[in-house]
Amino acid sequence: MTARLYHPPATAPAGIVHLGLGAFFRAHVASYISQAMQQHGGDWGVIGVSLQSPGVRDRLRPQGWAYTAVELAPDGEKPQVMTLLRDVLVAPENPQAVLDAMAAPDVSIVSLTVTEKGYCHEPATGRLDTGHPDIVHDLEQALPKSAPGYLVRALQLRHARGLPPFTVLCCDNLPENGRVVRSVVLGMAQLIDPALADWIDTHGAFPSTMVDRIVPATTPDDLDRVATLTGARDEAPVMHEPFRQWVVEDRFCGPRPKWEAAGAQMVADVTPFEHMKLRMLNGTHSSLAYLGYLAGHQTIASVMADPAFVSYVRHLWQAEIIPTLIPPENTDLGAYADALATRYANPSIRHRTWQIAMDGSQKLPQRILGTIADNRAAGRGCAGLILAVAAWMRYTSGKDENGTPIEVKDPLAPRLAALWHDDPRQTVAGFLALSEIFPEPLRNDADFAAELAQALSGLCAHGAGVMVTHV
Ligand code: CS2
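Being a predicted model, the structure only gives us computed values, none of them experimental. Each residue is numbered by its place in its chain's sequence as written, counting from 1. Local features in this predicted model are restricted to residues whose pLDDT is 70 or higher, and side-chain atom pairs enter the listing and the counts only when it is 80 or higher, whereas totals over whole chains, interfaces and linings include all residues. Here the side-chain values reflect all heavy atoms present in the structure, with hydrogen atoms and water set aside.

Colleague: I'd love a proper account of the overall build of the chain, names of residues and values included.
Modeller: In terms of helices and strands, the chain carries 21 helices and 11 strands. For the chain, the spread of C-alpha atoms along the three principal axes comes to 60 × 55 × 45 Å. Contacts were defined at the residue level, with two residues in contact if any of their heavy atoms lie within 4.5 Å. For the chain, the proportion of contacts with a sequence separation of at least 24, taken over those separated by at least 6, is 76%. For the accessible areas, the method is Shrake-Rupley and the probe is 1.4 Å, while residue cover comes only from the protein chains on display. Working note: accessible area of the chain is about 18300 Å², and carbon and sulfur atoms make up 51% of it. Residues scored as charged are limited to Lys and Arg (positive) and Asp and Glu (negative), so that His and the chain ends carry no count. In plain terms, the charge of a residue is placed at NZ if it is Lys, CZ if Arg, CG if Asp and CD if Glu. With 38 positive and 50 negative side-chain charges, the chain shows a spacing of 3 Å between the two charge centroids. Each helix is a run of H or I in the DSSP string that is no shorter than four residues. Each strand is a run of E no shorter than two, and both are numbered from the N terminus.

What follows is the structure, encoded as structure tokens:
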């Protein structure tokens, strides 16, 4: 029998608390933290927090919090054992322990990967959703449930203890993600105690970041592969592509690891990088996920093995997305698109279209709808992206092209399914009324509505595989 992976955990205090201990953080930010310590020294252990379930904690505990990160290169798999976690807390089991960890004097950074919906904001405006049940709860109770609630209550505790605030480091795929998290934190603090909001605003920091690495969900097969590869049984490995990029605004209110020593780009303004990545990578990822799923493709690599989809995604980059972008310094957007095509086609990465299709209502505004609005304002056609939005609508109806039920994961799933109508124009009208998703100019754009209805009826009549060839 293969022995279980185990490393004795370090006992020194952690400098970073991370909220949302999913595979992405453990494969991306964690690699920069470990490498910065190897290259430059410093002691930056991490306390991981699961905001929902105990699963990751339970799998990591017998391993001394160590886990294997496996790079999936087309020419082979490269494992690395990661030992930066010092503890893992499960928030619903003991919210006070999480607040105490965040309010510890050695902690200078609280980073987050809680997915788009974890910020409890309105995607179309970026403002705190004060009607969100967890926010209603957190405004009344001192022990929070939501990520914004943990940030505000921990900052309140630090303020009361005379400690400086931590830097809040958002690592989710949101545009100007630092601004989004700042807006929800200050919005909530203002409702709890305006003096606290002032203190956070004056002394805190919310740098924006652009994060990039493709990290498919770990499968039971992966556990066996990792055991064979390393000779140690790891119940919580993470599998990732070789590529990684991290662009971070260098505005911290306390100490930070020397991430530039690990290859992170520390910049004054991350916005052009975020737009490029959200529109070129995530926008096409979602487009390929909805259309590909409907056409029967399980993974992005499988979609990219279909020449019709390759032409479609190349068209999106060249004709519909790149024209809306200002290239970041020293970046050739054509070369960036070529690199994406290669990354998507990596056969070692089994990134499921179903996984990327999750939470579309939270993802579409920054990935696709903003690009469409920019194209329309400039008088440019964008039939390919409109087809992707139609595919998302079809997907959320809950049935695929053969009438087989789809398990739609989305906080708005029941509302979206109820919008489905036999007449595509009525379906489109129902969707466009969702002000939390569709930005103002698109909601009132009759030509856009007509094009969307046409794309939707085309999808229903001919299927996604045919429709991508018409763009
Ligand atoms: C994907 C992202 O699941 C998704 O929605 O588009 O997780 C994507 O793989 C990462 O942002 C890549 O950096």
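Colleague: Any chance you could break down the site of the ligand for me, citing the residues and the numbers?
Modeller: We call a residue near a molecule or strand whenever a single non-hydrogen atom of that residue lies within 4 Å of it. Contacts to the ligand come from Asn 173, Val 211, Asp 212, Arg 213, Ile 214, Lys 277, Asn 282, His 285, His 351, Ile 356, Lys 363 and Arg 367. We define a polar contact as two N or O atoms separated by no more than 3.5 Å, with the added condition that, inside protein, one atom must be a possible hydrogen donor and the other a possible acceptor, whereas residues neighbouring each other in sequence contribute only through side-chain atom pairs. Asn 282 is positioned with one of its side-chain polar atoms (N or O) 3.0 Å from an oxygen atom of the ligand. A distance of 2.8 Å separates an oxygen atom of the ligand from a polar atom in the side chain of Lys 363. Within the complex, 90% of the 340 Å² of free accessible area of the ligand lies under protein. The set of elements that each furnish at least two residues to the shell around the ligand consists of strand 8 (209-212), helix 10 (271-294) and helix 15 (360-377). Domain start and stop positions are those given by an automatic or database domain assignment. Here the shell around the ligand gathers at least three residues from each of two domains, domain 1 (16-267) and domain 2 (276-470).

Colleague: Any details on the environment of Arg 380? Residues and values, ideally.
Modeller: Relative to the helices and strands, Arg 380 is located in the loop between helix 15 and helix 16 (383-396). Spatially, the C-alpha atoms of Arg 380 and Pro 323 are 9.2 Å apart, while their sequence positions differ by 57 residues. Sequence-distant contacts of Arg 380, that is, excluding residues within four places in its chain, are made with Ala 319, Pro 323, Thr 324, Asp 374 and Asn 375. Within the local environment of Arg 380, its side chain forms a polar contact with the side chain of Asn 375, the two groups lying 2.7 Å apart.

Colleague: Lay out the domain arrangement of the chain in plain terms, naming residues and giving numbers.
Modeller: According to the domain assignment, the chain contains domain 1 (16-267) and domain 2 (276-470). Of the residues lining the interface, 24 residues belong to domain 1; the matching set on domain 2 comes to 26 residues. Carbon and sulfur atoms make up 59% of the area that domain 1 and domain 2 hide from each other, which totals about 2000 Å². For this analysis, a salt bridge means a side-chain nitrogen from Lys or Arg found within 4 Å of a carboxyl oxygen belonging to Asp or Glu. In this structure, the connection of domain 1 to domain 2 is made through four salt bridges. In this structure, Asp 359 and Lys 117 form a salt bridge, with 2.6 Å as the shortest nitrogen-oxygen distance. At the surface where domain 1 touches domain 2, the tally comes to eight residue pairs in polar contact (both at pLDDT 80 or more). For the side of domain 1 that touches domain 2, the secondary structure elements donating two or more residues are strand 3 (67-73) and strand 8. The element contributing the most residues to the side of domain 1 that touches domain 2 is strand 8, with three residues. By buried area we mean how much accessible surface two parts lose on assembly, using a 1.4 Å probe and totalling the loss over both.

Colleague: Can you tell me about the pairing of strand 6 (residues 109-112), naming the residues and giving the values?
Modeller: Sheet faces and side chains relate simply in a regular strand, where the side chains alternate between the two faces. Classification of residues uses two cut-offs on accessible area relative to the type maximum, computed with a 1.4 Å probe and protein chains only: under 20% is buried, over 50% is exposed, and between them is partly exposed. Of the two faces of strand 6, the one holding Ile 109 and Ser 111 and the one holding Val 110 and Leu 112 are both buried throughout. When DSSP finds at least two bridges between two strands, those strands are taken to pair. Pairing of strand 1 (residues 16-19) with strand 6, which is carried by four bridges, proceeds in the parallel orientation. Within strand 6, the residue paired with Ile 16 across the bridge is Ile 109.

Colleague: Quick rundown of helix 7 (residues 177-192)? Include the residues and the values.
Modeller: Under the 1.5 Å per step criterion, the end-to-end length of helix 7 is 23 Å for 16 residues, consistent within 8% with the ideal 22 Å. Inspection of helix 7 places Asn 177, Gly 178, Val 180, Val 181, Val 184, Val 185, Leu 186, Met 188 and Ala 189 among the buried residues, and these make up the whole buried set. In this fold, the buried residues of helix 7 make contact with helix 5 (133-140), helix 6 (147-161), strand 7 (167-170), helix 8 (194-203), strand 8 and helix 10. A helix is expected to span 1.5 Å for every residue after the first.

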